[in-house]
Amino acid sequence: MSGVPFPGEYFKLINLNVIARLDAALRPLGLTTAQSDLLCFLDQRGGAETTVQDIGTHFHLKHPTVVGIVHRLEDKGFVSTAVSPRDRRCRIVRLTLRFDEVRRVMSNHRALLDERSTRGFTDGELLRLRDMLERVYQNVRMD
C-alpha cells in the first residue's frame, strides 16, 4: 500500500476541506466553523440550560477555549450568558434572537456539504459508512 494514504490521513484531509468550505460559507455571517458548531449544539439542546462546562465536555475543549468562543459569540449578539441560579460558579449560555437570522443559512450550508460529501453513495453504502465511522470513532475516542 505504498503511496496510499492511511485512513487517518484521509480523515485529516476531509476535516481540513470541510472546515475550509464551512469557514468560507460562514464568513459573510461573521462566524467560524467552531462558533457555528457551538450554536448548533445549543440549538439542538432546545433551550435546555447549558453551561460553559457542558459545552467544554461535549466538544472536549478546555474551559478558556470555550470561554473565548462564547465571548466572541456574545460580542456578535448570537448568545447571552448569565450566572446559573443553581450554581453561581457556572455561567449559562443561551441563544439570542439573532441566531434565528442565521439558523436557516447555516443549516443549508451544512446540508449542501453533507450532500456533496455523500454524492454517488447508495443508501446501503451510507449505512455501512456510518457504521464503520462510528467504529473508528469508538476506537479512537478519548474517555
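The structure under discussion appears in the preceding block.
Since the model is a prediction, treat every value here as computed from it, not as a measurement.

(A) Quick look at helix α4 (residues 63-75). The end-to-end C-alpha separation of α4 is 18 Å, in line with the 18 Å expected for 13 residues at 1.5 Å each. If you follow the buried residues of α4, they end up packed against α2 (33-44), α3 (52-59), β1 (79-83) and β2 (91-95). Among the residues trailing α4, G77 stands out with phi positive, at a value near 85 degrees.

(B) Region of interest: the pattern of salt bridges. On inspection of all chains with the given rule, the structure shows seven salt bridges. R103 is paired through a salt bridge with D43; the nearest N and O atoms lie 2.7 Å apart. Here R103 is found in helix α5 (residues 97-117), whereas its partner D43 is found in helix α2, with 60 residues between them in sequence. A relative accessible area of 29% places D43 in the partly exposed class. The salt bridge partner of R98 is E101, with a shortest N-O separation of 3.7 Å. Residue R98 and its partner E101 are both found in helix α5; the two are separated by three residues, about one turn of the helix. We classify R98 as partly exposed; its relative accessible area is 33%. A single network of salt bridges, built from pairs that share partners, joins D43, D100 and R103.

(C) Region of interest: the packing of helix α1 (residues 7-26) against α5. Closest axis-to-axis distance for the α1/α5 pair is 10 Å, and the angle between their directions is 150 degrees. Classed by the angle they form, the pair α1 and α5 counts as roughly antiparallel. Regarding α1 and α5, the two cross each other, and that crossing is right-handed. Taking contact as the criterion, the partners of V18, R21, L22, A25 and L26 in α1 are, on α5, M106, H109, R110, L113 and R116. Classifying every residue of the contact of α1 with α5 by side-chain character gives six nonpolar, one polar and three charged.

(D) Here's a closer look at unusual backbone geometry. The phi angle at H60 is positive, at roughly 55 degrees, despite the residue not being glycine. Position of H60 among the secondary structure elements: in the loop between α3 and α4. Residue classification places H60 among the exposed residues on the basis of a relative accessible area of 58%.

(E) Here's a closer look at a nonpolar patch on the surface. A cluster of nonpolar side chains, contributed by Y10, F11, L13, I14, L16, F121, L129, L133, V136 and V140, occupies part of the molecular surface with about 870 Å² of accessible area. Within the residue set of the nonpolar patch, elements represented by two or more residues are α1 and α6 (123-140). Looking at the element boundaries, I14 is found in helix α1.

(F) Molecular detail of α3. Buried residues of α3: V52, I55 and G56, and no others. Each buried residue of α3 lies within a common arc of 100 degrees when the element is viewed along its axis, so the set occupies one face. In this structure, the buried residues of α3 make contact with α2, α4 and β2. Immediately beyond the C-terminal end of α3, within one or two residues, lies H60, with a positive phi of roughly 55 degrees.

The rules behind these values
Residues numbered from 1 in each chain as written. Predicted model: local features only at pLDDT ≥ 70, side-chain atom pairs only at ≥ 80, totals over all residues. Heavy atoms only, no water. Helix = DSSP H or I, 4+ residues; strand = E, 2+ residues; numbered from the N terminus. Expected span 1.5 Å × (residues − 1). Contact = heavy atoms within 4.5 Å. Salt bridge = Lys/Arg side-chain N within 4 Å of Asp/Glu carboxyl O. Buried < 20%, exposed > 50% of the residue type's maximum accessible area, 1.4 Å probe, protein only. Axes fitted to C-alpha atoms, helices over the stretch in contact; angles between N-to-C directions. Parallel < 35°, antiparallel > 145°, perpendicular 65-115°, else oblique. Left-handed = near helix turned anticlockwise from the far one by under 90°. Nonpolar A, V, L, I, M, F, W, Y, C, P; charged D, E, K, R; others polar. Patch = residues over 30% accessible without salt bridge, like charges linked within 9 Å, V, L, I, M, F, W, Y side chains within 5 Å. Areas by Shrake-Rupley, 256 points an atom, 1.4 Å probe, with all protein chains shown as cover. Arc of directions from axis to C-beta.

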